[in-house]
Amino acid sequence: MIIEENEGDIMGIYTLAYEKLKHDYQIAAKTAQTLDYYSPVKKVRVVKSLHGVPSVTMTKMHGEALDGFTVDKTICVDDENRSTDDDVILVDQNHHVAERFHNVGLTRLRCGLMTSVALEEAMHLCKMTNIRRVGIIGNGRTNIQNAECIHDLFGVCEFVIRGSERGRAKNLDKFRAFAKDVTVDDTADYRYLNACDAIISCTSTCDPADQISTKDLSKPRIFIALDTGYLFDESFRKECEIFSDDVDQLEAYYGEEFIFDKDKYPLKQLMKDKTVEKDRICVYMFGISFADAEIAEMVYRHEVKTDDSLS
């Protein structure tokens with residue numbers, strides 16, 4: 001449905017997990033009450049800040065899959081040292097511990113599949129029937145997983161990557177391991193990213209001077225930001241139709257996620273709100289525990305695998 005190259009190909013390795021997650025998430029997100037039940041608001045503790053911006057956070061989450069499997073998750077994200085430590089306990093319907101996952105890439109897999117859900121929904125809202133090129137801002141393990149899922153599910157083979165100033169081409173080999181056409185954008189005017197249909201951002205900044213505006217990225221119509229809005233400046237909230245994977249979750253931490261904004265902007269719920277008035281969409285993925293529970297159960301049942309090569 002999205003990309004011609006995949007038509008007639010063998011089913012991707014993430015297809016079944018993706019279709020189940022998309023189906024179940026649409027049910028869970030039907031109302032704010034149902035989503036609050038399956039994905040209660042997480043507890044985020046700021047351990048350390050840099051220039052007033054949270055740089056080390058400890059998050060505790062509880063989530064439930066549609067069939068009653070639950071997860072309790074603790075994740076520490078250290079932006080200063082670029083490290084993540086996550087621990088997930090999966091409990092079955094009989095309240096027995098089914099499995100414990102520690103730093104096996106479960107969070108990254110959840111991000112990759114949920115980013116794909118957001119991408120497909122944003123395409124529907126933008127009335128886009130296909131995409132050929134996706135821009136990746138932030139070349140870490142989560143965005144490698146994002147790109148791998150998008151390639152596998154939608155057949156996208158053209159990616160533009162842009163790492164931090166210290167290494168625009170960081171992990172280029174890992175992207176080229178699955179994508180045939182990967183371009184590094186190290187330009188001042190973002191010319192290669194502006195040739196993309198969609199942009200996925202998974203990185204942050206502690207300095208508002210480093211933020212990117214809608215004028216910098218004037219061509220792409222879809223933007224997906226994982227966890228924080230720090231890199232995308234306020235112009236994205238002002239000029240784009242803005243969605244979240246869980247509005248109540250993001251509303252609870254709005255001030256920390258959009259720390260440099262002067263005003264506050266209303267969010268729409270992904271997979272529920274269908275009316276759009278602007279021609280560009282920005283989806284903020286705050287990371288919901290419902291999806292953690294769904295993916296953890298699927299990994300436990302050997303229906304999908306985490307990518308150990310990224311660990």
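Above this text sits the structure in question.
First, a word on what this report is: a plain description of the structure on this page.

### Looking at the overall build of the protein chain
Here comes step 1: When helices and strands are tallied, the protein chain shows 9 helices and 13 strands.
Here comes step 2: In summary, the protein chain has a C-alpha radius of gyration of 18 Å against a globular reference of 19 Å for 311 residues, a match within 12%.
Here comes step 3: Across its three principal axes, the protein chain shows a C-alpha extent of roughly 55 × 50 × 40 Å.
Here comes step 4: The buried share of the protein chain, reckoned over its 311 residues, is 55%.
Here comes step 5: If you sum the accessible surface of the protein chain, you get close to 14,000 Å²; carbon and sulfur atoms cover 49% of it.
Here comes step 6: Here the protein chain carries 39 positive and 55 negative side-chain charges, and the mean point of each set is 3 Å from the other.

### Thoughts on the packing of helix α1 (residues 15–28) against helix α3 (residues 106–126)
Here comes step 1: Where α1 meets α3, the axes come as close as 10 Å, and the angle between the chain directions of the two elements is 65°. Regarding the angle of α1 to α3, the classification is roughly perpendicular. The element α1 and its partner α3 pack so that their crossing is right-handed. The segment α1 lies against α3, with Ala17, Tyr18, Leu21, Lys22 and Tyr25 engaging Leu113, Met114, Ser116, Val117 and Glu120.
Here comes step 2: Classifying every residue of the contact of α1 with α3 by side-chain character gives 7 nonpolar, 1 polar and 2 charged.

### Some details on the nonpolar core
In summary, soluble globular proteins display a tendency toward joint burial of nonpolar side chains.
Here comes step 1: Judged by nonpolar contacts, the single largest core of 65 residues is most densely connected at Tyr25, Leu113, Phe159, Ile222 and Ile224.
Here comes step 2: A per-element tally of this core places α3 first, with 12 residues.
Here comes step 3: In this structure, Leu113 is in contact with Tyr14, Ala17, Tyr18, Leu21, Cys149, Leu153 and Ile295, ignoring residues within four places of it in sequence.
Here comes step 4: The next biggest cluster of nonpolar side chains, apart from the first, holds 25 residues, and it includes Ile199, Ala225, Cys240 and Leu267.

### Examining the pattern of salt bridges
Here comes step 1: All told, the structure shown has 17 salt bridges when counted by the stated rule.
Here comes step 2: Asp273 is paired through a salt bridge with Lys272; the nearest N and O atoms lie 3.8 Å apart.
Here comes step 3: Here Asp273 falls in the partly exposed class, since its relative accessible area comes to 25%.
Here comes step 4: Overall, the relative accessible area of 39% leaves Lys272 in the partly exposed class.
Here comes step 5: Taken together, the salt bridges that share partners define one network made up of Glu19, Lys22 and Glu120.

Rules behind the numbers
- Residues numbered from 1 in each chain as written.
- Predicted model: local features only at pLDDT ≥ 70, side-chain atom pairs only at ≥ 80, totals over all residues.
- Heavy atoms only, no water.
- Helix = DSSP H or I, 4+ residues; strand = E, 2+ residues; numbered from the N terminus.
- Rg over C-alpha atoms; globule rule 2.2 N^0.38 Å.
- Buried < 20%, exposed > 50% of the residue type's maximum accessible area, 1.4 Å probe, protein only.
- Areas by Shrake-Rupley, 256 points an atom, 1.4 Å probe, with all protein chains shown as cover.
- Lys, Arg positive; Asp, Glu negative; His and termini not counted.
- Charge placed at Lys NZ, Arg CZ, Asp CG, Glu CD.
- Axes fitted to C-alpha atoms, helices over the stretch in contact; angles between N-to-C directions.
- Parallel < 35°, antiparallel > 145°, perpendicular 65-115°, else oblique.
- Left-handed = near helix turned anticlockwise from the far one by under 90°.
- Contact = heavy atoms within 4.5 Å.
- Nonpolar A, V, L, I, M, F, W, Y, C, P; charged D, E, K, R; others polar.
- Core = buried A, V, L, I, M, F, W, Y, C linked by side-chain atoms within 4.5 Å.
- Salt bridge = Lys/Arg side-chain N within 4 Å of Asp/Glu carboxyl O.

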